[in-house]
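Listed below, chain by chain, are the residues.
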Amino acid sequence: MSERESVSVPCTAQELAGFFALSGPEHGIDLAGAVSLPASLPNESRFSTWIAERRDGNLDYMVRNPEQRLDPTIRNPEAKSLLVFAQRYTDGWPAHHRDPVAGGQAPIDAPWTDRVSRYARGLDYHDVLLNSIRDLLKDLVQEIPGFVAYASTDTGPYLEREYAWLAGFGFLGKNTCLIHERLGSGMFLGVALTNLEISGLPEQQTEPLYSVLRRREEAPATRILSACGRCTACIDACPTDALLPEGGMDARRCLSNFTIEQQGQTPEEFKPAQGGTVFGCDICQAVCPWNQKAERARHDIPEVRHEYATGEEHAELDLARLAEITDEEFRRRFRRTPIWRCHPEGLRRNVRTALGNLDK
Ligand code: B12
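Computed from a predicted structure; not experimentally measured.

Student: Before we move on, could you go through the overall build of the chain and cite the residues and values that matter?
Tutor: Assigned secondary structure in the chain consists of 14 helices and 9 strands. Compactness check: the chain gives a C-alpha radius of gyration of 20 Å against a globular reference of 21 Å for 360 residues, within 12% of the reference. Along the longest, intermediate and shortest principal axes, the C-alpha atoms of the chain span 65 × 40 × 40 Å. Here the analysis covers contacts within the chain between residues at least 6 apart in sequence; of these, 80% occur between residues at least 24 apart.

Student: How would you explain the nonpolar core if you had to name every residue and give the values?
Tutor: The biggest cluster of nonpolar side chains holds 90 residues, and the ones touching the most others in it are Ala 34, Val 35, Leu 82, Val 84, Tyr 163 and Ala 164. Ranked by residues supplied to this core, first place goes to helix H6 (residues 125–143) with 7 residues. Both domains that furnish three or more residues to this core are identified here as domain 1 (3–94 + 123–216) and domain 2 (233–300 + 309–359). Excluding its chain neighbours within four sequence positions, the residues that come into contact with Val 84 are Gly 33, Ala 34, Val 35, Tyr 163, Ala 164, Ala 167, Phe 169, Leu 189 and Val 191.

Student: Now, about the site of the ligand: what can you tell me, with residues and values included?
Tutor: Near the ligand, the surroundings consist of 39 residues, among which Asn 43, Gly 247, Gly 248, Ser 256 and Gly 280 are the closest. If you tally residues by element for the shell around the ligand, the top one is helix H9 (residues 255–261), at 4 residues. Here the shell around the ligand spans two domains, and each of domain 1 (3–94 + 123–216) and domain 2 (233–300 + 309–359) adds at least three residues to it.

Student: I'd like to hear about the environment of Gln 292, residue by residue, with values.
Tutor: Note that Gln 292 resides in helix H11 (residues 289–297). Residues Gln 292 and Trp 93, 199 residues apart in the sequence, show an inter-C-alpha distance of 5.6 Å.

Student: Before we move on, can you summarise helix H1 (residues 13–26) with the specific residues and values?
Tutor: In an α-helix, one full turn covers 3.6 residues, which means residues spaced three or four apart are oriented alike. Given a rise of 1.5 Å per residue, 14 residues ought to cover 20 Å, and the 20 Å separating the end C-alpha atoms of H1 matches this to within 8%. The sharpest bend along H1 reaches about 30° and sits at Phe 20. Taken residue by residue, H1 has Leu 16, Phe 20, Ser 23 and Gly 24 as its buried positions. As for H1, its buried residues are in contact with strand S1 (9–12), strand S2 (31–36), H6, strand S8 (196–199) and strand S9 (210–211).

Student: Before we move on, could you go through the domain arrangement of the chain and cite the residues and values that matter?
Tutor: Here the chain is partitioned into domain 1 (3–94 + 123–216) and domain 2 (233–300 + 309–359). Each partner contributes residues to the interface: domain 1 has 26 residues there, and domain 2 has 30 residues. When its residues are assigned to classes, the side of domain 1 that touches domain 2 shows 8 nonpolar, 9 polar and 9 charged.

Student: Describe the sheet that holds S9, listing the residues and the values that go with them.
Tutor: Here 5 strands make up an open sheet; going across it, the order is S4-S7-S3-S2-S9 and the pairing antiparallel. Lying at the two open borders of the sheet, with one neighbouring strand each, are strand S4 (149–152) and S9. Here strand S3 (residues 81–88) pairs with strand S7 (residues 187–194) via 8 bridges, running antiparallel. In the strand pairing of S7, Val 84 is matched with Val 191. Against the sheet, H6 makes contact with S3, S4 and S7, and its axis sits at roughly 45° relative to S7, the strand it touches most.

Student: So what about the pairing of S2? Which residues, and what values?
Tutor: Of all 6 residues in S2, 5 are buried, a share of seventy percent or more. Relative to S3, S2 runs antiparallel, the two sharing 6 bridges. Bridged to Gly 33 within S3 is Val 84. Note that S2 and S9 share 2 bridges and pair antiparallel. Bridging across to S9, Leu 31 finds its partner in Ser 211.

Student: Could you give an account of the packing of H1 against H6, with specific residues and numbers?
Tutor: In contact at an axis separation of 10 Å, H1 and H6 are set at 140° when each is read in the N-to-C sense. As summarised for this structure, H1 and H6 are arranged oblique, according to the angle between their axes. The handedness of the crossing between H1 and H6 is right-handed. Mapping the contact onto sequence places Phe 19, Ser 23 and Gly 24 in H1 and Leu 136, Asp 139, Leu 140 and Glu 143 in H6. When its residues are assigned to classes, the contact of H1 with H6 shows 3 nonpolar, 2 polar and 2 charged.

Student: Hey, could you go over unusual backbone geometry for me, with residue numbers and the actual values?
Tutor: Omega for the bond connecting Leu 37 with Pro 38 falls within 30 degrees of zero, at -10°, which places this linkage in the cis form. Tracing the chain through its elements places Pro 38 in the loop between S2 and helix H2 (44–52). Despite not being glycine, Asn 65 shows a phi value in the positive range, around 45°. Structurally, the position occupied by Asn 65 is in the loop between helix H3 (60–63) and helix H4 (66–70). On the basis of neighbour count, Asn 65 is assigned to the exposed category, with 12 C-beta atoms found within 10 Å.

About the criteria used
Residues numbered from 1 in each chain as written. Predicted model: local features only at pLDDT ≥ 70, side-chain atom pairs only at ≥ 80, totals over all residues. Helix = DSSP H or I, 4+ residues; strand = E, 2+ residues; numbered from the N terminus. Rg over C-alpha atoms; globule rule 2.2 N^0.38 Å. Contact = placed C-beta atoms within 7 Å. Core = buried A, V, L, I, M, F, W, Y, C linked by C-beta atoms within 7 Å. Buried ≥ 20, exposed ≤ 12 C-beta atoms within 10 Å, placed from the backbone. Domains from an automatic or database assignment. Near = placed C-beta within 6 Å. Expected span 1.5 Å × (residues − 1). Bend = angle between axes of the 7 residues up to and from the residue. Nonpolar A, V, L, I, M, F, W, Y, C, P; charged D, E, K, R; others polar. Pairing = 2+ DSSP bridges. Axes fitted to C-alpha atoms, helices over the stretch in contact; angles between N-to-C directions. Parallel < 35°, antiparallel > 145°, perpendicular 65-115°, else oblique. Left-handed = near helix turned anticlockwise from the far one by under 90°.

What follows is the structure, encoded as structure tokens:
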């Protein structure tokens, strides 16, 4: 935000809720809320420990300016609030269905899309959700003169799950995902840094300002940090012990990190755990009882956005061919999907590992 834009603009939480209720559904937003800045994040010290111990596993963007990630007003002193949004990408994971992809149990002739994490079977959320948020913000500019906002999803220096928790979206699961009690964790998060000075907004909220379930949902009386109780299904199921028993994740052991983010070879010790998966990992979400419940609840909530359904770029292709995919074909097919992130050499690497595992 520049000097000119630094003037804060007042509004009430109620006005914002009314606006979200009108504009949210139009732009495919499932949850919307807001957090006043600066905010005290519930797991600030856990993030600092994670960085200090380099549990990021070479995710250099996470290690850069960690203090700014904890407090966005360091970089933008004039920012007054962060709007928070969620968009579902799946209805959940079927009961007791260890994703064949993730579990590595997929037979050699399984469709290869079954070997890709659910979040990556359609178009890229960095475009879809970001555009939804931007469209909604354009509407809000019309309503509130002087309103300024910068939207991002995933890539901005924000601990998005922490803000989503403060905004009343759900709780932080042992699988480290933000879990909504009825929608599960199959949702993307996005935020917008703004100059809105919002009155009537508790620091920690028990429900979002807008929810796709609004009329059907009873708001919880209090918002607890984690509702996993004694369940350890995700920790037990993770084949590489990436989820820590005390909470949080060691990304140096996460299959999702190896198959999406990391360049170079997957360490030998982790290759068998990749099974038949070629991109991402869903095990810790697939085994989560909250996601199995979400699957059962899907009949009474609107469909997930069509952009996240499997598209043409995921047309059938045998793994042997995919292991040799040319850079050009990769670019042509995957440019608009999350698979773009791992580059052609990353995809070839992942497919070869999967083929090696399936051969055994
Ligand atoms: C880096 C990153 C990764 C890394 C590291 C994951 C991680 N858990 O940190 C890797 C590449 C492994 C990854 C994988 C995935 N990611 Co990711 N990732 C991010 C990113 C960019 C930052 C996350 C971060 O801040 N990590 C920091 C460390 C400290 O987090 P942590 O160890 O989990 O600890 C935090 C909490 O768990 C909690 N905590 C820690 N210990 C304890 C203990 C207790 C008792 C409690 C209550 C809480 C608690 O406090 C910490 C601070 O918030 C965010 C986007 C963003 N800007 O926020 C997306 C994000 C978290 N990822 C997302 C997704 C979809 C995924 C995958 C599902 C993709 C896939 N299918 O392969 C997997 C899920 C793996 C998993 N279980 O996390 C979504 C999650 C949406 C949701 N519903 O929560 C996000 C929000 C992106 C988005 N904009 O939608 N991701």
